[in-house]
Every structure is written in structure tokens, then in C-alpha cells.
2 protein chains.
Amino acid sequence: MVETNYRTLDEQSVIEYIQNLSIFSADAKLTCREIGDGNLNLVFQIEDQLTGKKVIVKQSLPYARVVGESMPLTVDRNRIEAEALKEEGKYCPEHTVQLFHADPDLRIFVMEDLSDHVIMRKGLIEKQEYPQFADHISTYLANTLFYTSDYYMNPLEKKSLVKRFINPELCKISEDLIFTQPYYDAPENNIPPGVRPLAEQIWKDEELKGEVAKLKHRFMTKAEALLHGDLHTGSIFVRPDRTKVIDPEFAFVGPIGFDIGAVIANLLLNYAAQEGWAENEEEKHVVRSRLLQMAADVWTLFSQKFTALYEKDCHDPMFSQPSFKEFTMKEIFSDTLGYAGCKMIRRIYGLAHVADIDTIKDDVKRLQAQRLALAIGRSLIINRHQVQQINEVKALIQSVE
Amino acid sequence: MVETNYRTLDEQSVIEYIQNLSIFSADAKLTCREIGDGNLNLVFQIEDQLTGKKVIVKQSLPYARVVGESMPLTVDRNRIEAEALKEEGKYCPEHTVQLFHADPDLRIFVMEDLSDHVIMRKGLIEKQEYPQFADHISTYLANTLFYTSDYYMNPLEKKSLVKRFINPELCKISEDLIFTQPYYDAPENNIPPGVRPLAEQIWKDEELKGEVAKLKHRFMTKAEALLHGDLHTGSIFVRPDRTKVIDPEFAFVGPIGFDIGAVIANLLLNYAAQEGWAENEEEKHVVRSRLLQMAADVWTLFSQKFTALYEKDCHDPMFSQPSFKEFTMKEIFSDTLGYAGCKMIRRIYGLAHVADIDTIKDDVKRLQAQRLALAIGRSLIINRHQVQQINEVKALIQSVE
């Protein structure tokens with residue numbers, strides 16, 4: 001791909017760039033900070049010193065920053081992210097970060113600043129409560145997933161959506177990191193001390209590997225709805241009263257359960273991490289009950305809202321049949337559990353971990369948390385078709401402990 | 001879409017066109033006949049009167065000829081067909097019509113002439129035997145389907161294949177004609193005398209409609225391999241010693257069982273049609289046994305060849321696990337039966353029928369054949385997960401009679 005107009009911006013040139021858009025008033029006194037901590041993008045925060053108004057400018061680097069230019073990555077992911085924000089914003093503006101401007105040539109877009117929010121992973125590690133989270137995220141999931149699926153869309157428009165969101169390179173990252181590398185002794189794995197014997201057990205677990213292969217193949221081939229594609233708690237900004245999803249650069253048309261599973265997996269990773277974070281047994285019990293309830297509520301509310309949309313807005317004479325709708329909800333449920341399980345396992349000893357677990361200082365407790373996360377992950381994958389209701393998942397998790 | 005360079009050719013201008021390609025020698029004495037009987041394309045046969053050498057030129061009309069300009073159809077299907085022939089020719093040249101030249105601007109391609117072959121549907125109606133057909137078509141199916149699937153392909157290339165073969169309008173035709181209109185009293189249905197009560201039974205059959213909805217959704221979302229997309233016996237040219245597949249304008253990346261099911265459905269439609277064609281009970285028995293064996297052989301040989309390719313050329317560490325491979329073959333089998341069933345039903349009272357059935361002169365016998373085809377179709381759909389082996393299908397079909 002020839003990137004003739006592409007050049008990376010810095011704190012100075014991004015100000016010049018933004019002044020040409022009509023986002024700030026002409027007399028704005030703009031300052032800029034690069035605040036990115038990812039490895040794929042530059043992220044600038046622009047502030048008008050006169051009014052305090054802020055926006056974020058995100059630019060894709062043509063390579064993964066952490067590994068330098070040795071791992072080239074198409075900057076097309078910037079177009080995908082901006083277009084995904086547009087689609088998600090169409091169906092769920094209240095929980096999608098607002099997009100102000102997109103510039104495919106420079107692989108840049110401008111969006112709402114959310115610095116009065118906190119990244120949910122950080123909030124959960126600090127044991128913050130988010131009593132509205134399950135309600136908010138289930139609204140996001142039900143709306144964005146239903147309205148971009150064949151249960152709703154005109155089939156011609158759906159195919160064009162699939163085409164626009166073909167995202168080979170970022171899907172490949174998921175295929176490798178989630179569904180492949182953790183299941184053999186891949187050099188990319190990042191195996192913490194003490195975890196190797198547990199990983200070795202998984203590498204010999206033919207039953208588990210067979211089930212993960214099925215989930216991988218579904219991930220690669222089931223074009224059910226437009227997914228966020230990377231909906232962990234690091235892609236969600238929260239305040240007690242607000243929930244905003246960011247970063248859909250992994251967006252593609254895939255199986256609905258993958259997004260829901262990502263949310264639940266990250267709640268359960270924090271659940272496992274309470275091994276290390278809870279001050280005492282009582283607090284551990286309280287926080288865990290809260291997290292389990294939140295995970296259960298995410299599914300229950302999603303399923304209620306998705307079903308309601310389905311009943312209101314599915315006009316296909318075949319797909320509106322009750323038995324098909326029931327079958328679909330069951331498939332989405334088993335996918336959700338399976339993908340949640342895969343996402344838990346990969347975060348323990350795959351390439352990229354989660355802070356919830358890795359920042360536990362006590363070696364023994366951290367290993368307990370890792371062991372628990374792996375056991376829950378495995379159980380979710382293996383039992384995903386047997387479990388009928390989300391409450392059975394609670395029992396299943398408690399039985400694993 | 002702006003079609004600046006597009007113009008339809010006639011028998012004169014097609015000769016001028018072909019003279020500029022280096023397919024015939026400079027002194028060739030070319031004649032041309034338009035031989036198309038479809039409703040979507042012009043088909044010209046060009047012959048060199050000096051050598052007898054012939055080629056076929058196919059040009060897509062920008063509308064469906066049969067209904068005039070009221071049903072616009074993108075001429076992009078010509079690009080799809082030419083590119084599909086190229087892909088299929090790469091993996092199975094011996095059973096794919098040879099492509100000589102493709103011209104995306106004029107929506108034209110030039111291919112091998114097969115006028116010394118016969119369209120298989122016609123041959124079957126004439127009770128011809130094709131003892132090598134199952135072997136040939138199973139080679140075509142195994143090769144074209146395996147090498148365009150994630151069981152083999154590099155995942156980045158696979159996604160680009162999916163993108164190139166997004167085929168919304170022709171998929172919509174299949175979605176409507178195969179999976180939707182036959183299941184309610186759609187005005188597009190073409191219901192023969194006597195068949196209406198049978199159709200009405202299907203419209204009330206909630207179990208069947210639920211299963212067809214599942215197959216429809218898989219058809220629309222399961223991007224498993226590059227399909228021919230319309231592999232009935234009218235898309236296959238045969239001689240006793242040769243089998244050549246033509247007309248992949250419906251090509252898209254979909255569920256593997258759809259192509260295999262199409263072949264089997266059309267053998268079974270001819271099986272049902274023997275109600276009207278056989279001279280006596282003995283001949284009926286002989287021809288039917290032959291057709292059933294052929295249908296069974298198509299599956300058995302496909303499954304052997306596909307498995308052999310899988311074992312030789314699947315390098316994905318997850319997909320090469322034995323339990324996943326076994327699961328995949330089972331899924332392809334149940335899809336095959338389900339899609340075969342759908343394709344039988346739609347050919348009885350949907351928009352487009354098959355000559356095997358419709359040209360039976362005797363009203364009573366024709367209705368018997370129609371009734372039998374519908375019953376076999378329903379049984380294949382409903383029982384597709386219970387049936388374990390192709391031999392059980394024989395028993396199932398015989399039990400339906």
C-alpha cells in the first residue's frame with residue numbers, strides 16, 4: 001500500500017492540524033500532550049487553556065511501537081477503528097466514545113476526551129463499585145450487536161459491512177494470541193514463574209484443545225455481527241454514572257459471543273485476582289460476590305435487551321421464528337462462555353497479561369490467582385454447551401475453587 | 001457503479017473482439033452463434049471454420065434477461081465468475097472449464113468450448129450412466145473446498161479471498177429462492193397443480209421451518225471455503241469419461257456442505273423423477289439404485305479425499321487436532337444433508353424448477369415425483385444431525401417412499 005500523504009504528527013504539528021478543523025474556536029489557546037501507552041498508536045490530548053475543553057487525537061503508527069519496525073502493521077486499522085466508532089455510535093451513542101473527525105489519509109481521528117473517567121481495569125483493581133456497569137454495557141452489546149447482524153440488517157448492506165470490516169492483521173493477532181500460542185510451547189508465550197506446570201497440563205489436554213480449535217474456527221469464519229473485537233476492561237472508560245467504550249481497532253464481523261465473553265472474562269480475571277487483593281476472607285467474599293453478580297447481570301441484561309430488539313426489529317420471516325430465536329440465544333450463550341474461557345487462559349501465560357493478576361505482589365497468592373483463572377477458563381470452555389443458565393455458571397465457578 | 005466502458009456485444013462485434021486476442025491464429029475464419037439460454041448472460045460460441053477449433057465467450061448483461069430491465073443485477077458477477085474459475089482451475093484444473101481470457105471492463109471472459117459434452121441434467125433425464133462422475137466431482141469438491149478454507153490457507157490470504165468474493169446480489173437470490181420463499185405463500189413461488197396442499201403443509205411445519213432458518217443463517221454467515229454456489233446438474237458438463245464444472249457466478253465464501261448438498265440434491269431429484277421416467281418397476285429400481293449409489297459415493301469419496309488433503313496439508317496446530325478434524329467432517333456431513341434437503345424442496349414449487357420433474361408428462365406420476373422429492377427433502381433436513389453415515393441416508397430415503 002502506498003501511503004503518499006501519511007506522516008506521523010508530533011505535539012506541535014498536531015496542534016496545527018487541529019486548528020484547521022472547526023472543533024475549537026478560532027481564539028483557542030491549545031496545548032498538547034502525547035499520552036499514549038499502547039504500542040500501536042500515538043495518542044494526543046489537546047486542551048484549550050482558555051475554556052478547559054479537551055479532545056483526543058489518535059494516530060496509527062505504521063508499525064507496532066513496542067517492537068519497532070520489525071513487526072509492520074497496516075495503518076488501515078485506524079480507518080477500521082474510526083468506522084467502527086461511527087457504527088457503534090449510530091446504535092449506542094450513550095456508551096461509545098464520540099467521534100468528531102476522521103482523516104483516512106493521515107490515519108488520524110479526533111474524539112471525545114474522557115479524562116474525567118477511569119479505565120475500568122484500574123477501577124476494579126482499586127475495588128471500586130460500578131453498580132450501573134452491567135446495565136450500561138449490556139445496552140452497548142445488545143444494540144451494537146443486534147443492529148449489525150443478519151437478524152436485523154438488509155442482507156445486501158450486511159455483506160457490505162462484512163467487506164468494510166475485513167481486518168486480517170488484527171484478527172491474526174487474536175487468532176495467534178488467544179487461540180493458538182497458549183496451546184503449545186510457543187516462544188511468544190510469557191510464562192510466569194510457577195505457571196509452567198499448569199501450562200504443560202493444558203498443552204497435553206486434548207479435550208480442551210479440541211474445544212478451543214472449534215472456538216478458533218468460529219472466530220475466523222462466523223460473520224454474525226460487527227464486533228468491537230477487544231472488549232476487555234482496558235477498553236472501557238467508567239465513572240460511577242457513565243460507561244464509555246473506546247478502542248475498537250480489532251473490529252470485524254464475527255461471533256457475537258466473543259464480545260460478551262471478553263467482558264465476562266475480564267470480570268472473572270479480577271474475581272480470580274481477589275486472591276491477592278482482598279484484605280481478608282470477608283472482603284474477598286464480598287468483592288467476589290459483587291463481581292460474579294456483575295458478570296451474571298451482563299449476560300442476563302444482554303439477553304433480555306437483545307431478545308427485545310429481536311422481537312421488535314427482526315423482520316426476516318425465517319429468523320423471526322421462535323424456535324430459531326431460542327436456538328440463536330443458546331448459541332450466543334455457549335459462545336460467550338467459551339470465549340470468556342479462552343480469554344482468561346491467554347491472559348495468564350500468553351504474550352499479554354492483565355494488571356489485575358500480574359501486579360499481585362505476593363508470589364503465593366499470585367500463583368493461586370493464576371491457577372484459579374486457568375481452572376475457571378478451562379471449565380467454561382469444556383462445559384459451555386451443558387450449562388443452560390447463567391446462574392449455573394456461578395455454581396460452576398464456585399465448584400472450581 | 002459507473003460502467004463507462006461497458007457495452008453489450010453481438011455476434012458481429014464479438015468476432016472483432018476475439019480477433020484482437022491471441023486465441024485463434026491470424027488467418028482463422030471465425031463464425032459466431034449466440035447460444036445462451038439463461039437469463040443473465042449472453043453466451044457466444046466462436047468457431048474457426050478452417051480448424052474446427054471453438055471457444056465460448058460469456059458476457060454478463062446488466063439485468064436479468066428474462067424479466068427485462070426491471071430486475072437490475074450488477075455485472076460484477078462476471079468478475080466473480082471469472083475469478084472463481086481461476087481459483088477452481090488452480091486447485092482442480094481437470095474438472096473446471098478452462099479460462100483463456102477475462103476482461104473486467106466489458107464483463108466478458110473467454111473459455112473452453114464443451115459442446116462435445118452434454119449438460120448432466122439432460123444426460124440423467126435420458127438415463128445415461130456416468131460411472132466416473134462420483135469420482136470426478138468428489139475430486140473437484142475436495143480440492144476446491146479444502147484449498148480455499150482456513151483448514152489450509154494462510155489466514156491473511158483467506159480474508160482477502162472472502163473480500164474478493166463478497167457476492168451480495170447473487171447470494172440474495174439464493175437466500176430468497178432457497179431459504180425463504182418456499183416457506184410461506186410468497187408470490188414468487190411457482191406452485192404446480194396438485195402441489196399446493198403439500199406446500200401448505202410445509203408452511204405450517206414449524207419444526208422444518210426452524211431447521212431451515214438455521215441453515216439459512218449458516219449460509220449467510222459461515223465463511224468456510226470458496227463455494228461454486230450453484231452446483232446443480234445444469235452447471236456440470238459430462239461425457240462418460242469427463243466431468244467439467246461451469247458457471248460459478250454464485251461463488252462466495254460459505255459453508256462447504258452447500259456445494260456437496262447441491263450435487264446430491266440434484267441426483268435425488270432425478271431419483272424422484274424416475275416415478276415418471278422409468279419404463280417399468282424393474283427399470284425404476286435399477287436406475288434408482290444407481291443414483292442412490294452415486295449420491296452415496298459422492299459423499300464417501302469426497303470425505304476420503306478431503307480427509308487425505310487435510311492430513312497432508314493442514315498445518316494449523318489447532319485445526320490439525322484429530323478431534324477437531326472429526327468434528328469438522330461431521331459438521332460438513334450434516335450441512336450437506338441439510339442443504340441437499342433445502343435444494344430439493346425449492347425445486348418443486350419455488351420460483352425455478354428442474355426439468356427432471358417438470359417435463360414428466362403424466363400428471364399423476366409427476367405429482368408422485370413431486371411428493372417424493374418434498375418428503376426426501378424434509379427428511380434430510382430434519383434428520384441431518386441424527387444420521388451418522390451416508391448408508392443411513394439410503395435407508396432414510398427408502399423409508400420415506
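> Even after reading the chapter, I still don't get the packing of aromatic side chains, so can you show me in this structure?
This model, assessed by the stated rule, comprises 46 aromatic pairs over all chains. A ring pair is formed by B:Trp299 and B:Phe302, whose centres lie 5.5 Å apart and whose planes are at 45 degrees; its orientation type is tilted. Here B:Trp299 pairs with B:Phe302, and both are found in helix 10 (residues 281–313), just three residues apart, close to one helical turn. A:Lys214 extends its terminal NZ or CZ atom over the ring of B:Phe327, reaching a point 4.3 Å from the ring centre.

> Sorry, what's going on with the confidence of the model for chain A here?
The share of residues in chain A with pLDDT of 70 or more is 95%, and the mean pLDDT across the chain is 94. Residue range residues 65–70 of chain A is modelled with pLDDT below 50. Its contacts to residues more than four positions away, or to other chains, number ten contacts.

> Which parts of the structure should I look at to understand the environment of A:Ala199?
Along the chain, A:Ala199 turns up in helix 7 (residues 196–203). Remark: the alpha-carbon pair of A:Ala199 and A:Glu169, spanning 30 residues in sequence, is separated by 27 Å.

> Even after reading the chapter, I still don't get the state of the cysteines, so can you show me in this structure?
Chemically, a disulfide is nothing more than a covalent bond linking the sulfur atoms of two cysteines. For the structure on display, the rule yields zero disulfides over all chains. Left unpaired, B:Cys171 is separated from the closest cysteine sulfur, that of B:Cys342, by 15 Å.

> Would you mind showing me how to read the relation of the copies chain A and chain B here?
Least-squares fitting of chain A to chain B yields an RMSD of 0.0 Å, with the transformation described by 0.0 Å of translation along the axis and a rotation of 180 degrees. Taken together, the turn and the small shift mark the pair as related by a two-fold rotation axis. When each C-alpha of chain A is compared by its distance to the rotation axis, A:Lys222 comes out closest, at 2.5 Å. Most of the interface of chain A is mirrored in chain B: 100% of its interface residues are interface residues there too.

> Please clarify how the sheet that holds strand 3 (residues 54–60) of chain A should be interpreted in this entry.
Neighbouring strands of a sheet are bound in pairs by backbone hydrogen bonds; such pairs are parallel or else antiparallel. Residue and element names in this part refer to chain A. Here five strands make up an open sheet; going across it, the order is 1-2-3-5-4 and the pairing antiparallel. Here the strands that pair on one side only, and so sit at the sheet edges, are strand 1 (30–34) and strand 4 (99–103). In this sheet, neighbouring strand axes are inclined to one another by 20 degrees on average, regardless of whether the strands run parallel or antiparallel. In this sheet, strand 5 (residues 108–112) lies alongside strand 4 in antiparallel orientation, the contact comprising four bridges. Directly across from Ala-102, in strand 5, lies its bridge partner Phe-109. Together, strand 1, strand 2 (41–48), strand 3, strand 4 and strand 5 form the strand contacts of helix 1 (residues 11–19), whose direction differs from that of strand 1 by roughly 135 degrees. Contacts from helix 2 (residues 76–91) reach strand 2, strand 3, strand 4 and strand 5, with the element oriented near 35 degrees to strand 5.

> For this particular structure, what's the right way to read the nonpolar core?
Across soluble globular proteins, you tend to see nonpolar side chains buried next to one another. Core analysis: the biggest nonpolar cluster contains 184 residues, and A:Phe133, A:Phe302, A:Phe306, B:Phe133, B:Phe302 and B:Phe306 have the highest contact counts within it. If we ignore the near neighbours within four places in the chain, the residues touching B:Phe306 are B:Ala142, B:Leu145, B:Phe146, B:Tyr151, B:Ile256, B:Met329 and B:Ile332. Membership of the second largest hydrophobic core comes to 22 residues, among which are A:Ile80, B:Ile80, B:Ala84 and B:Ala223.

> Sorry if this is basic, but what is going on with the pairing of strand 8 (residues 236–239) of chain A here?
Residues in a regular strand point their side chains to alternate faces of the sheet. All names here are of chain A. Summarising the sheet, strand 6 (residues 118–119) and strand 8 pair through two bridges and their orientation is antiparallel. Pairing of Val-118 across the sheet is with Val-238, part of strand 8. Of the strand pairs in this sheet, strand 8 and strand 9 (residues 242–245) are connected by four bridges, and their pairing is antiparallel. Paired with Phe-237 across the two strands is Lys-244, which belongs to strand 9. Once strand 8 ends, the chain turns through two residues before running back antiparallel as strand 9.

> Would you mind showing me how to read unusual backbone geometry here?
Most of the time, phi is negative for any residue but glycine, and the peptide bond is trans. Here the phi dihedral of A:Lys127 falls at roughly 60 degrees; this positive angle occurs in a residue that is not glycine. Mapped onto the elements, A:Lys127 comes out in the loop between helix 3 (120–125) and helix 4 (133–146). For B:Arg107, which is not glycine, the phi dihedral falls at a positive 55 degrees.

Conventions used here
Position numbers for residues count from 1 along each chain, tracking the sequence in the order it is written. Naming scheme: in the order in which they are written, chains are lettered from A and ligands are numbered from 1. It should be noted that, the model being predicted, local features are given only for residues of pLDDT at least 70 and side-chain atom pairs only at 80 or more, the latter also being counted only at that level, while totals for whole chains, interfaces and linings use all residues. The side-chain numbers reported here are obtained from all heavy atoms of the structure, hydrogens and water having been left aside. A pair of Phe, Tyr and Trp rings is counted when the ring centres sit within 6.5 Å of each other, with Trp represented by its six-membered ring. The angle between the planes then sorts it: under 30 degrees is stacked, over 60 is edge-to-face, the rest tilted. Here a helix means four or more residues in a row that DSSP labels H or I, a strand means two or more in a row labelled E, and each is numbered from the N terminus. Placement of a charge over a ring requires the Lys NZ or Arg CZ to be within 6 Å of the ring centre, with the centre-to-atom vector within 35 degrees of the ring normal. Here pLDDT means the predictor's own confidence in every residue, given as a number from 0 to 100. Two residues qualify as a contact provided that any one of their heavy atoms is within 4.5 Å of a heavy atom in the partner residue. Criterion for a disulfide: a pair of cysteine sulfur atoms at a distance within 2.5 Å. What sets the superposition is a least-squares fit of C-alpha atoms, and only residues with pLDDT of at least 70 in both copies go into it. We call two strands paired when DSSP finds no fewer than two bridges between them. In this description, a line fitted to the C-alpha atoms serves as the axis of each element, helices being fitted only across the stretch in contact, and the angle between N-to-C directions of two axes falls anywhere from 0 to 180 degrees. Definition of nonpolar core: a set of buried residues of the types Ala, Val, Leu, Ile, Met, Phe, Trp, Tyr and Cys, connected through side-chain atoms within 4.5 Å. Buried means the residue's accessible area, taken with a 1.4 Å probe over protein chains only, is under 20% of the maximum for its type, while exposed means over 50%, and partly exposed covers the values in between.

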